[in-house]
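So the chains spell out like this:
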Amino acid sequence: MIKKPELVAPAGDFERLRAAFMFGATSCYLGGSEFSLRAHAKNFELENIKQAADFAHTMRGKVYVAVNVFAHNNEFERLYNYIIDLRQAGVDALIASDPGVINLIHEVLPDMDIHISTQANTHNYRAVSFWGKLGIKRVILARELSINEISEIHQREPSVELETFVHGAMCAAYSGRCLLSLYMTGRSANRGECAHPCRYGYSLLEETRPGEYFPVEEDGRGTYIMNSKDLCLVQRLPELINAGVAAFKIEGRMKSMAYVAAVTRVYRDAIDDYFYDPELYRSNLPSYISELQKTSRREFTAGFFDGKLSADSISYDNDGAAPPEGSVARSDFCAVVKSYDKSTGCAIIEQRGKFSVGETLEFLTSSRSDFKQVIAGLSTMDGERVLHAPHPKQLLRLEVEYPVRELDILRR
Ligand code: SF4
């Protein structure tokens, strides 16, 4: 019998981790403030990692912590203490890519599960077999693989769990193995500090004519030659399930909690629907895609799923003020529910984006009872009636038409 794959969601901080679990994640991956490749995500301090692991376990979920730095000699002493602290915090697995770090984990914590990071660029069954012989539990495959290759890897090495990315931003380079950001901004992608210069617009400059930029136009909007579209495989999940993939990963530890909640919920529903009845999954595909389009300004691509990457995988827009042609408009994150009082029908919400009384907004709910309502009355915690939140992250009282839960999202 085919096992239901795990849904692994990104968690940039504790709030996003809780949202991920509330909206359907089976597990979350996060980075500690040390030795993670996402230095600019709001990385977790040790006490927060313990809190995250405790919360995950109450949700019957798991927490994986990235220790996927490429370490230098002088970092091993700190790493030694760090991984012991992570074990004591109760994390379920460590994500690593540097053989030196993997070797250290084996030596210090021989029974700790290790997941090989996608940064290790594992592309073939022999590499998976290599990791398997070293006692590795799971390999997060490189994004640059086709479904046929993934399927063959599982057939040849069924004892090693495979995790694949199903959704999120992609690199123009092999997953982060790129010096563009370091050269252009001093921020190294290999230390988790990428400034995403592959998304910038480029033009041509002749060296004796400073300041004279010649447009190199792929089209009227400019030249974004390295700006990859976002990966989206929601319509290919059955193939991944049948290929024996153990875990589906959503990229985005830098993304907002509204993004994490919405994308996680779509993939949760798609997986559950498919296992309940593949026909139900097929009939719901348009709604999954439309919901995902609300979260992204970039177009979607299936990446390398069908073999070679096509020119179609590049987005000729930059981060894009306008939604991709033919897609649903992106929604804006307005507020998050902090609490709800059923006796008064009143919710306390925290402002996250601009909105005003009179607008019609939508609640995205973890209970899947989404609804729209006109924002009729808004007041501060002191009872003052306001037309909009006077300050960012202001707590407000709002009468809601249907019950909501903590961490439900109010969006436009
Ligand atoms: S600059 Fe672009 S391609 Fe290079 S690591 Fe950053 S996101 Fe990836």
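Scroll up a little and you will see the structure.
Computed from a prediction, not measured in an experiment: that's the story for all the values here.

Draft legend 1. Layout of the overall build of the protein. Helix and strand counts for the protein come out as ten helices and 19 strands. Buried residues in the protein amount to 51% of all 412 residues. Taking as baseline every contact in the protein between residues at least 6 positions apart, the subset at least 24 positions apart corresponds to 66%. As presented, the protein carries roughly 19,200 Å² of accessible surface, and 51% of it is formed by carbon and sulfur atoms.

Draft legend 2. Expanded view of the site of the ligand. Near the ligand there are ten residues, and of these Cys 171, Ala 172, Cys 178, Cys 194 and Cys 198 occur at the shortest range. By residue class, the composition of the shell around the ligand is eight nonpolar, two polar and no charged.

Draft legend 3. Summary view of the layout of surface pockets. Estimated volume of the second largest pocket: approximately 250 Å³. If you trace the second largest pocket, you find 13 residues lining it, with Lys 3, Lys 4, Gly 244, Val 245 and Ala 246 closest to the centre.

Draft legend 4. How the structure looks around helix H6 (residues 147-156). Considered for burial, the residues of H6 that qualify are Ile 147, Ile 150, Ser 151 and Ile 153. One face of H6 carries all of its buried residues, which in axial projection span an arc of 160 degrees. Across from the buried face of H6, at angles greater than 90 degrees, the exposed residues are Asn 148 and Gln 155. Where H6 is buried, its residues contact helix H5 (125-133), strand S7 (161-168) and helix H8 (237-242).

Draft legend 5. Geometry of the nonpolar core. Core analysis: the largest hydrophobic core is formed by 81 residues, its most contacted members being Leu 17, Val 234, Leu 237, Leu 240 and Tyr 267. The element contributing the most residues to this core is helix H9 (residues 257-276), with eight residues. Leave out the neighbours within four places in its chain, and Leu 17 touches Ala 11, Cys 28, Leu 30, Phe 44, Ala 52, Phe 55 and Val 63. In this structure, Ala 335, Leu 396, Leu 398 and Val 400 belong to the second largest nonpolar core, which totals 18 residues.

Draft legend 6. Looking closely at the packing of aromatic side chains. In this structure the tally under the stated criterion is eight aromatic pairs. Centre to centre, the rings of Phe 21 and Phe 55 are 6.3 Å apart; their planes meet at 55 degrees, and the pair counts as tilted. Highlighted residues: Phe 21 in helix H1 (residues 14-22) and Phe 55 in helix H2 (residues 46-58), separated in sequence by 34 residues. The exposure class of Phe 55 is buried, given its relative accessible area of 18%. Members of the aromatic cluster, joined through ring pairs, are Tyr 274, Phe 275, Tyr 281 and Tyr 288. Sitting over the face of the ring of Phe 165, Arg 143 holds its NZ or CZ atom 3.8 Å from the ring centroid. Residue placement shows Lys 255 over the ring face of Tyr 259; its charged tip is 4.4 Å from the ring centre.

Draft legend 7. Spotlight on the pairing of strand S13 (residues 333-341). In terms of strand pairing, S13 meets strand S19 (residues 409-411) through three bridges, oriented antiparallel. Bridge assignment links Ala 335 to a residue of S19, and that residue is Leu 410. Alignment of S13 against strand S14 (residues 346-351), held across six bridges, turns out to be antiparallel. If you follow Val 337 over to S14, its bridge partner there is Ile 349. Hairpin connection between S13 and S14: a loop of four residues separates the two successive antiparallel strands, and Gly 345 in this loop has a positive phi of roughly 70 degrees.

Draft legend 8. Representation of empty space enclosed by the protein. Within the structure shown, the criterion is met by one cavity of 30 Å³ or more. Taken as a whole, the largest cavity encloses approximately 120 Å³ of empty space. Together, 13 residues line the largest cavity, and Arg 143, Leu 145, Ile 150, Phe 165 and Leu 233 are the ones closest to its centre. Here the residues of the lining of the largest cavity are counted per class, giving eleven nonpolar, one polar and one charged.

Draft legend 9. Summary view of the pairing of strand S3 (residues 62-66). For S3, a buried count of four out of five residues is recorded, marking the element as mostly surrounded by other parts of the structure. Pairing of strand S2 (residues 27-31) with S3, which is carried by five bridges, proceeds in the parallel orientation. Looking across to S3, one finds that Ser 27 is bridged to Lys 62. Bridging between S3 and strand S4 (residues 93-96) involves three bridges; their strand directions are parallel. The residue of S4 that forms the bridge with Val 65 is Leu 94.

Draft legend 10. Quick look at unusual backbone geometry. The backbone phi angle of Asn 121 is positive, close to 55 degrees, even though this residue is not glycine. With respect to the helices and strands, Asn 121 occurs in the loop between strand S5 (113-116) and H5. Classification of Asn 121 as buried rests on a relative accessible area of 15%. Despite not being glycine, Lys 393 has its phi angle at roughly 60 degrees, a positive value. Of the residues examined, Lys 393 reaches a relative accessible area of 49% and is grouped as partly exposed.

What counts, and at which threshold
Note on numbering: residues in each chain are counted from 1, in written sequence order. Two thresholds apply to this predicted model, a pLDDT of at least 70 for residue-level local features and 80 or more for giving and counting side-chain atom pairs, whereas whole-chain, interface and lining totals are computed over all residues. Heavy atoms from the whole structure form the basis of all side-chain values; hydrogens and water molecules are not counted. What counts as a helix is a DSSP run of H or I of at least four residues, what counts as a strand is a run of E of at least two, and both are numbered from the N terminus. Relative accessible area decides the class of each residue, using a 1.4 Å probe on protein chains only: under 20% of the type maximum gives buried, over 50% gives exposed, and in between gives partly exposed. Contact between two residues is taken to exist if any of their heavy atoms lie within 4.5 Å; hydrogens are not considered. What sets the accessible areas is the Shrake-Rupley method with a 1.4 Å probe; for residues, cover comes only from the shown protein chains. A molecule or strand has a residue near it when one of that residue's heavy atoms lies within 4 Å. Ten residues, namely Ala, Val, Leu, Ile, Met, Phe, Trp, Tyr, Cys and Pro, are considered nonpolar, four, namely Asp, Glu, Lys and Arg, are considered charged, and the remaining ones, Gly among them, are considered polar. Of the two site types, the cavity is a set of points on a 1 Å grid over the protein atoms alone where a 1.4 Å probe fits but cannot get out, and the pocket is an open set with protein on both sides within 12 Å along at least five of seven lines, each lined by residues with an atom within 4 Å of a point. Grid points are joined across faces, edges and corners, and a volume is the space filled by probe spheres set on the points. Picture the helix axis, draw a direction to every C-beta atom, and the arc is the one those directions span. By nonpolar core is meant a set of buried Ala, Val, Leu, Ile, Met, Phe, Trp, Tyr and Cys residues that side-chain atoms within 4.5 Å join together. Centre distance within 6.5 Å is the pairing criterion for rings of Phe, Tyr and Trp, where only the six-membered ring of Trp is used; planes under 30 degrees apart are then read as stacked, over 60 as edge-to-face, and the remainder as tilted. By definition, being over a ring means that NZ of Lys or CZ of Arg is both within 6 Å of the ring centre and within 35 degrees of the ring normal. Think of it this way: DSSP has to see at least two bridges between two strands before they count as a pair.

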